[in-house]
Amino acid sequence: MLKRPLLSLVLGMIAAALLAACTGGAEATPTPTKTPLAAAQALPATATLAPAAAQPSTQEQATPGPAVPTNTPATAVEKVARVTADQLNIRSTPSLDGTVVKLANQGQIFTVLAVSDDGQWVHLAEQGTALGWGAAEFLAVEERVAQNPGDSPATPTQGASAPQQTPATTGNFPPATMSSPDYGAQVFIWWREEIRDRDLGLMRDGGFNWIKQTFAWETIEGAGKGQYNWTIADQVVSHASESGLKVLARLSSDPQLQNFWAGKPPANADHFADFAFAVASRYNCQPGAVGCIQAFQVWNEPNLGREWGFNRPNPAQYVEFLRKAYAAIKRGNPNAIVISAGMAPTGDNNDTAMPDDIFYDQMYQAMGGNSNGYFDMLGVHGAGYAAPPELDPQEAVNNPQYGGYRFFAFRHVEDIRRIMEKYGDTNKKIVLLEFGWTFDSVNPAYKWHGADAGIDMFKQADYLKRAYQYAAQNWPWVGLMNLITMPNLDWLADGNPEDEEQYWWAIMEPSPINALRWRPAYIELCIYLNSLEGQSCKYDPNK
């Protein structure tokens, strides 16, 4: 572990050197991400019960970013259809009885001439010549700038926004595989274009293989059914792919969102599945794709009523929601890893929350004890609270300083693994979608297991490294361990990041483009993760 005086001195020296070496950049309009007041007021300050609302929230808010400028000259737009199935029969008539006139492969794009009255068939053309009809369910209809003869191919886009510039990719994407354990972190690169590549580089240099980014439904398909705006998503995915990082996309929506056209779960399951298919097929990791999303998280914490349409948590309903999304994602990209939502650790069992172990067990009951067709890996949340990572969960029960419940220990993940073993689901891995320690000294719902428990930024760094080491030695069934979190620059928007509880979980200070403000956690993990590959951390102060 790094010594505090040395680290503090060298961190300051590194930050000063990088400040001088980096060029300045104009800061985009801040997007507020403060915890909603109503949610904050609902947080009890007790240390003996896990309040449903006191879990770290890592979803970026859906507040629109700066408007995308459009070109002044009028631009003709045409509809195109992209094949989403492995192969598609194009027929002479809009019927299965029609003669097959062409066999199209996945990813091929055709001009749309018309759609049948029943919406089941799309009339396709290629290079100005009508071909025939393709089944609409295997086509993604989009828009692009109309091409003149001799023009280079235009970029397909969707939605009512201006035509979007799609980045070019080589198709040489990292595979959808996970080591045991594998290493990743939540990032906030959606609204902040100016720090996107910088933070992706920090992830890569730090020895991480994965990023987790929220793909909020309402920011992509917010205008209405089938009206997609891929502008920012294309940039996020293509830049991550170019950085050599794998992407875990959390597909969900802001639970506080009002008047969203698709409604709330569980009633919006079919619409959500269509959205999941659109994302998976667009970023399907095939040559020529915009980019690659290797893994998908389906929703977030449905064991909390506020995340489940403000309905009572219902494992059977979530299982059906998950089944539909799984099928849709696999249709868009058969090789993608589909991960169930992680559950909030909580002791409440009422209309507003359900303990995670009970929820998981009832999920397996609803699946008939067989998770095939529902998920490839089980998503779990594993915050460490006041306990060191090696602490037996029973000690968290016996010792009041740790909170009095098993879920207040990082190793509560082992309790969930035993549920998988109970149902014979031992061939599938667990993915830690969120884990970490906070050193919060301000927010009452968190400080009891942060600063009040003796956790500071140095102990946070040590616990994170030890959690990875413990898993490597004892959890052959774990896949990605996604820590929370890299920082969000928007925490600086009001001049006081400390009242944002996520700030205290972060492994770095939120840093503008012309500065890097280290915390011990990033440096400690950078040294450790690089050492696993026989490499050194470029930011190691001991070098």
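Above this note sits the structure.
**Here we look at the pattern of salt bridges**
Overall, the coordinates contain 21 salt bridges when judged by the stated rule. In this structure, the salt-bridge partner of R204 is D205, at a minimum N-O distance of 3.9 Å.

**Some remarks on the packing of aromatic side chains**
Taken as a whole and assessed by the stated rule, the structure comprises 39 aromatic pairs. Ring centres 5.1 Å apart and planes at 85° place the aromatic pair W217 and F260 in the edge-to-face group. Of the two residues, W217 is situated in helix 4 (residues 217-220) and F260 in the loop between strand 11 (246-252) and helix 6 (269-282); the sequence distance between them amounts to 43 residues. Owing to a relative accessible area of 0%, W217 belongs among the buried residues under this scheme. Take F260: its relative accessible area is 11%, and that puts it in the buried class. Centroid distance W308 to F321: 5.5 Å. Interplanar angle 75°. Geometry classified as edge-to-face. Of this pair, W308 sits in the loop between strand 12 (295-298) and helix 7 (315-332) while F321 sits in helix 7, and the two are 13 residues apart along the sequence.

**Overview of empty space enclosed by the protein**
Unoccupied space between atoms shows up once a probe the size of one water molecule is rolled over them. Here the structure, examined in full by the defined rule, presents 5 cavities of 30 Å³ or more. Taken as a whole, the largest cavity spans an internal volume of roughly 90 Å³. Along the wall of the largest cavity there are 14 residues; nearest its centre are S253, D254, P255, K264 and P265. Residue composition of the lining of the largest cavity, grouped by class: 6 nonpolar, 4 polar and 4 charged.

**Some words on the state of the cysteines**
Using the criterion set out here, one finds 2 disulfides in the structure. C526 shares a disulfide with C537; S-S distance 2.0 Å. Linking C526 and C537, the disulfide has an S-S dihedral of approximately 100° and is accordingly described as right-handed. On the criterion of sequence distance, the pair formed by C526 in helix 13 (residues 520-532) and C537 in the segment after helix 13 is long-range, its members being 11 residues apart. Classification of C537 by relative accessible area gives buried; the value is 2%. In the protein chain, the cysteines engaged in disulfides, taken in order along the sequence, are linked 1-2, 3-4.

**Describing the packing of helix 6 against helix 7**
Put simply, helix 6 and helix 7 touch, their axes get as near as 8 Å, and they point 25° apart. Judged by the angle between their axes, helix 6 and helix 7 are roughly parallel. Along this stretch, helix 6 crosses helix 7, giving a crossing that reads as right-handed. Along its contact with helix 6, which presents A269, D270, F272, A273, A276, F277, A280 and S281, the element helix 7 presents F321, K324, A325, A328, I329, R331 and G332. Classifying every residue of the contact of helix 6 with helix 7 by side-chain character gives 10 nonpolar, 2 polar and 3 charged.

Criteria and cut-off values
Residues numbered from 1 in each chain as written. Predicted model: local features only at pLDDT ≥ 70, side-chain atom pairs only at ≥ 80, totals over all residues. Heavy atoms only, no water. Salt bridge = Lys/Arg side-chain N within 4 Å of Asp/Glu carboxyl O. Phe/Tyr/Trp six-rings, centres within 6.5 Å; stacked < 30°, edge-to-face > 60°. Helix = DSSP H or I, 4+ residues; strand = E, 2+ residues; numbered from the N terminus. Buried < 20%, exposed > 50% of the residue type's maximum accessible area, 1.4 Å probe, protein only. 1 Å grid on protein atoms, 1.4 Å probe; cavity = no way out; pocket = protein on both sides within 12 Å on 5 of 7 lines; lining within 4 Å. Points joined across faces, edges and corners; volume = space filled by probe spheres on them. Nonpolar A, V, L, I, M, F, W, Y, C, P; charged D, E, K, R; others polar. Disulfide = S-S within 2.5 Å. Axes fitted to C-alpha atoms, helices over the stretch in contact; angles between N-to-C directions. Parallel < 35°, antiparallel > 145°, perpendicular 65-115°, else oblique. Left-handed = near helix turned anticlockwise from the far one by under 90°. Contact = heavy atoms within 4.5 Å.

Any functional reading would require information that these geometric values do not contain.
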